[in-house]
Amino acid sequence: MSKTAIIVDDSKLSRMHVRAMILRHKPDWSVVEAASGDELFQKLDETAVDVAIIDYNMPGDNGVEAAAKLRAAKPEIHIAIITANAQDAVVSGIRAVGAAFMPKPLDEEQVSRFLASTALPRRRTAPE
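Trainee: What should I look at first to understand helix α5 (residues 108–117) in this one?
Mentor: Residues that lie three or four places apart on an α-helix share one face, since the helix turns once every 3.6 residues. For α5, the complete set of buried residues consists of Q110, V111, S112, F114 and L115. Against α1 (12–25), β3 (51–55), β4 (78–83) and β5 (100–103) lie the buried residues of α5. Two or three places before E109, at the opening of α5, D107 has a side-chain oxygen 3.2 Å from that residue's backbone nitrogen.

In structure tokens:
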């Protein structure tokens, strides 16, 4: 089944890199892009999205804040947050909103595993 993924990152280069990885593994998927959390919600008004890959460091809402709002609005969406910041507080914040943690630099195998996991219904996760 074809899905739609949204990549949320203020870096155009990063969005292009993630888009290429997604399409190498899921060539039949649609990919839309947003440069911020605000733009993410504008795009959701126009497009039904199944998967969101969100950068942690962005102007305005950070990735966890954007993911929390997205989770509240669309609980069924599979979310991953990308960050080079692997501090326990950041990682536990990511998990608390039911998102996958993907460290930078992104690893192709890790992206592939996350995309494969989206074939399953999203599990409700309790905060740790």
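Continuing now.
Trainee: Quick question: what am I supposed to make of the sheet that holds β4 here?
Mentor: Two pairing modes exist for strands in a sheet, parallel and antiparallel, and in both the strands are linked by backbone hydrogen bonds. The parallel open sheet is built from five strands, whose spatial order is β2-β1-β3-β4-β5. Here the strands that pair on one side only, and so sit at the sheet edges, are β2 (30–34) and β5. Neighbour-to-neighbour, the strand axes of this sheet turn through a mean angle of 20°, independent of strand direction. Of the pairings in the sheet, the one linking strand β1 (residues 4–8) to β2 comprises five bridges and is parallel in character. Bridge pairing in β2 places T4 opposite S30. Helix-sheet contacts for α1 involve β1, β2, β3 and β4, and the interaxial angle to β2 is about 165°.

Trainee: What exactly am I supposed to notice about the environment of G98 here?
Mentor: Inspection of the secondary structure puts G98 in the loop between α4 (88–96) and β5. Taking the C-alpha atoms as reference, G98 lies 17 Å from A116; in sequence the two are 18 residues apart.

Reading the values: rules and limits
Residues numbered from 1 in each chain as written. Predicted model: local features only at pLDDT ≥ 70, side-chain atom pairs only at ≥ 80, totals over all residues. Heavy atoms only, no water. Buried < 20%, exposed > 50% of the residue type's maximum accessible area, 1.4 Å probe, protein only. Helix = DSSP H or I, 4+ residues; strand = E, 2+ residues; numbered from the N terminus. Contact = heavy atoms within 4.5 Å. Polar contact = N/O pair within 3.5 Å; in protein donor to acceptor, adjacent residues only side chain to side chain. Pairing = 2+ DSSP bridges. Axes fitted to C-alpha atoms, helices over the stretch in contact; angles between N-to-C directions.

Any link to function would need more than the numbers given here.
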